[in-house]
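The primary structure of each chain is shown beneath.
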Number of protein chains: 2
Amino acid sequence: MVLPMKRATIKDVAALAGVSSSAVSRSFGDGTHVSKATRRKVLAAAETLGYRPNALARSLVGARTGLVALVVGRLRSPFDSLFVDALAESLIGVGKHLLLSPVRGDQRADDGLMRALDYQVDAVVVAAGTMSPEVADRFARMGVPLILSGRVVDGAGIDCVLADNAGGAAKAAELLLRTGCKRIAYIGRGHGAFSDDERRRGLRDTLRRLGLDIVAEARAAVDREDGHPLGMELLSGPDRPNGIFCMNDALAVGVIEAARDLGLRLPEDLAVVGFDDIPLAAAGSYQLTTVAYPIQPTVAAIVETLEDRLAGADWPSRVIRIPTRLVVRGTTRRLERAVGTRTEG
Amino acid sequence: MVLPMKRATIKDVAALAGVSSSAVSRSFGDGTHVSKATRRKVLAAAETLGYRPNALARSLVGARTGLVALVVGRLRSPFDSLFVDALAESLIGVGKHLLLSPVRGDQRADDGLMRALDYQVDAVVVAAGTMSPEVADRFARMGVPLILSGRVVDGAGIDCVLADNAGGAAKAAELLLRTGCKRIAYIGRGHGAFSDDERRRGLRDTLRRLGLDIVAEARAAVDREDGHPLGMELLSGPDRPNGIFCMNDALAVGVIEAARDLGLRLPEDLAVVGFDDIPLAAAGSYQLTTVAYPIQPTVAAIVETLEDRLAGADWPSRVIRIPTRLVVRGTTRRLERAVGTRTEG
DNA sequence: TCAAGCACTGCAAACGTTACCAATTCTGTT
DNA sequence: AACAGAATTGGTAACGTTTGCAGTGCTTGA
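What counts and what doesn't
Residues numbered from 1 in each chain as written. Chains lettered and ligands numbered in written order. Predicted model: local features only at pLDDT ≥ 70, side-chain atom pairs only at ≥ 80, totals over all residues. Heavy atoms only, no water. Helix = DSSP H or I, 4+ residues; strand = E, 2+ residues; numbered from the N terminus. Buried < 20%, exposed > 50% of the residue type's maximum accessible area, 1.4 Å probe, protein only. Contact = heavy atoms within 4.5 Å. Areas by Shrake-Rupley, 256 points an atom, 1.4 Å probe, with all protein chains shown as cover. Lys, Arg positive; Asp, Glu negative; His and termini not counted. Charge placed at Lys NZ, Arg CZ, Asp CG, Glu CD. Pairing = 2+ DSSP bridges. Core = buried A, V, L, I, M, F, W, Y, C linked by side-chain atoms within 4.5 Å. Near = heavy atom within 4 Å. Polar contact = N/O pair within 3.5 Å; in protein donor to acceptor, adjacent residues only side chain to side chain. Nonpolar A, V, L, I, M, F, W, Y, C, P; charged D, E, K, R; others polar. Axes fitted to C-alpha atoms, helices over the stretch in contact; angles between N-to-C directions.

Asks: Looking at this structure, I do not really get the overall build of chain A. What am I missing?
Replies: The secondary structure content of chain A amounts to twelve helices and 13 strands. With the principal axes as the frame, chain A shows a C-alpha extent of 85 × 45 × 40 Å. Across the 345 residues in chain A, those meeting the buried criterion constitute 55%. Taking contacts inside chain A between residues at least 6 apart in sequence as the whole, the part at least 24 apart equals 68%. Working note: accessible area of chain A is about 14,700 Å², and carbon and sulfur atoms make up 51% of it. Of the charged side chains in chain A, 45 are positive and 41 negative, and the gap between their average positions amounts to 5 Å.

Asks: Explain the pairing of strand E5 (residues 159-163) of chain B to me, please; I cannot follow it from the model alone.
Replies: One face of the sheet, then the other: side chains in a regular strand alternate in exactly this way. Residues and elements named next belong to chain B. E5 sits mainly inside the fold: five of its five residues count as buried. Of the strand pairs in this sheet, strand E4 (residues 146-149) and E5 are connected by three bridges, and their pairing is parallel. Bridge pairing links leucine 148 to cysteine 160 in E5.

Asks: Quick question: what am I supposed to make of the nonpolar core here?
Replies: The nonpolar side chains of a soluble globular protein tend to be buried with one another. Counting residues in hydrophobic clusters, the biggest one holds 140 residues, and the most contacted among them are Phe245(A) and Phe245(B). Once you skip the residues sitting within four places of it in the chain, Phe245(A) turns out to touch Ala169(A), Ala172(A), Leu176(A), Ala185(A), Tyr186(A), Ile187(A), Arg199(A), Leu203(A), Val273(A), Gly274(A), Phe275(A) and Val291(A). Judged by nonpolar contacts, the second largest core, of 58 residues, contains Val152(A), Ala116(B), Val144(B) and Cys160(B).

Asks: Would you explain the side chain of Ser27(B) in this entry?
Replies: Residue placement: Ser27(B) occurs in helix H2 (residues 21-28). Contacts of Ser27(B), omitting those with residues within four sequence positions, involve Val34(B), Arg39(B), Val42(B) and Leu43(B).

Asks: Any chance you could explain the protein's contact with DNA strand D here in plain terms?
Replies: Taken together, 25 residues lie around DNA strand D, and Arg26(A), Thr38(A), Ile10(B), Ser25(B) and Arg58(B) are the ones closest in. Between Thr38(A) and DNA strand D, the recorded distance is 2.3 Å, taken from a side-chain N or O atom to a phosphate oxygen. If you list the elements that add at least two residues to the surface near DNA strand D, you get helix H2 (21-28) of chain A together with H2 and helix H4 (55-60) of chain B. In terms of residue class, the surface near DNA strand D is built from eleven nonpolar, nine polar and five charged.

Asks: How should I be thinking about the sheet that holds strand E1 (residues 67-72) of chain B in this particular structure?
Replies: Two modes of strand pairing occur in sheets, parallel and antiparallel, and in both the strands are linked by backbone hydrogen bonds. With respect to topology, twelve strands assemble into an open sheet ordered E11(A)-E5(A)-E4(A)-E3(A)-E1(A)-E2(A)-E2(B)-E1(B)-E3(B)-E4(B)-E5(B)-E11(B), the strand pairing being mixed. Strand pairing shows two members of the sheet lacking a second neighbour, strand E11 (319-322) of chain A together with strand E11 (319-322) of chain B, which therefore form its edges. On average, adjacent strands in this sheet sit at an angle of 20 degrees to one another, irrespective of strand direction. Where strand E2 (residues 97-102) of chain A and strand E2 (residues 97-102) of chain B come together, three bridges link them in antiparallel fashion. Across the sheet, Leu100(A) pairs through a bridge with Leu98(B), a residue of E2(B).

Asks: Is there a simple way to explain the protein's contact with DNA strand C in this structure?
Replies: With respect to spatial proximity, 25 residues lie near DNA strand C, and among them Ile10(A), Ser25(A), Arg58(A), Ser22(B) and Thr38(B) are the closest. By atom count, sugar and phosphate contribute 65% of the portion of DNA strand C lying within 4 Å of the protein. Between DNA strand C and Ser22(A) there is a distance of 3.4 Å, counted from a base nitrogen to a side-chain nitrogen or oxygen. Between DNA strand C and the protein, one listed contact pairs a phosphate oxygen with a side-chain N or O atom of Tyr51(A) at 2.8 Å. Put simply, the parts of the chain that give the surface near DNA strand C at least two residues each are H2 and helix H4 (55-60) of chain A together with H2 of chain B. Partitioned by chemical class, the residues of the surface near DNA strand C number eleven nonpolar, nine polar and five charged.

This is the structure:
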């Protein structure tokens, strides 16, 4: 085995180029205060030695680390993984790197947040878990921006980016009503989950405005595997709903399968609307009508907020709602051509 | 806005506890060379100040950073995201953190690898992209372990962890033959993709041993969206295959949809076998027979290898094959009870 | 009582980098 | 030719931590 070679440092480069280490440092910076000639020499020497600045040592003297932590739960929904992917990619674009800080179950995000702090991250994006006020306060005091994805926490001065859940749910409700559904049910996560709550409320408020209400609710689920039994339960009761709005597409897919198992025809006997627009929703076997929650704008808003904060913006706090878009496919009857919605499939 | 507070350092703790910074450092280390009384004082002071050691400063003096980079492509397959998730979680378990280094398309992984090096990562797991020998050599010289997931590179002394692709493909082939398929096709990625190649070869070798051969091949695809058109193409030709082995489940799902669009009955007219066993394969709508590539053992092998290397193991290189398991579901005819395979659904 | 040994403690150097400051060289103007 | 000012350069301190070394006080055995 070859002897592990020590990594070239700024001093090695300085020695080879015949200049001071300051000159080397400056050559790798914004290029000011170095003559072209020196810079060329330095870069050549660095190339020879295979030198690359140590990002960690850099951060010690006050520079940013370039690390951004993402506190995230289990990546079981395709939406989550697309989100992680898009965020990581987007961050590379602004010279930052994603440090993954997974938390499990409904456990507090605090552990993940504190771990992130040990690495002097420039900012943290929280997409899962609940956060104690103490930890949030700590981040505020230390000047580390905290961005909440998919949830709003009032008062703590934390920036939040999330879907226009109520608006999306309203669109879903209107579509269901338009296509003639009268008995509309909701399936969601329950237990005070934030997006779930907003979506359920959005559905309910829209129905009530028209003198209706949610006829049935099922909860404590978030996965396709969970959608199936809940769908079975809801659909084999006496007052079977003829329209179901699901908190997300994964659940909706489970419900579709349950409906099929029961011999129901979609959309004739049952209309289903999901939320997110995961790739599977467009699959031939499901053709799920859904409220699309576009990932790119979400990630863009997060990265932008993050950069604003790091640039020193100090407005109190910002809640960005990402507009949703109704995508009508096969699981809702097409009674009329909907206005302002996209139709595909 | 509250003035950003400086983070407490070891000196602040030392001052408050009335001891030297060495004592503080030692109190946070393995606990040797500190009296119980001192340690208690230090820990109390640290608690008061909310002190946590700076992981980055630590790494400057030679300690490990605790960072492990994962070079990964677009997380479009559920398999990929489950892998990332499991790896991140597993690393937390051994006190390490995942730094995501995404690369796009078929671009070289070199960029991602070099970026990782800037952060003094303890090791790198490469799951996507191709690697130049120069970069691999550089890692070797610097003593940073490199672990390849899903591919084997000979000679470079790099540890590799991947599925027993040939064995899995052979199982798929045998199952297809056993259920009476004679015209068997393959759909994969092509362009010399490693796993694709091994799986195709595994299928072909098994067929040839029985005097048959692959009757048709389609390639340049890896997604469910890609599976559909390829399936259409393959299934509407003159000599329609009655069995298709797909490089992964996502493709297989696309193929199933194509078959349905063409009015073919599964498994009577067409048998389909996938690879990976993503959650969707078990879904009611697909019931896909597949070669399961278990994620937990894969991740465990990676983490174990990584720890061995970091502990100084210097055997030349190690290729770990993760055994696969045939999961028989609805997309293959059940002619007989298969021996040594699991049946579900 | 004394020496030897031990447990504990603090000092200071080192890690790789940046930024301030002072010193030097260059450029252009009179 | 002399000077002001700008551009460039090197020296040095600082960032937060660990660690080797040397010192301190305490215990123990003779």
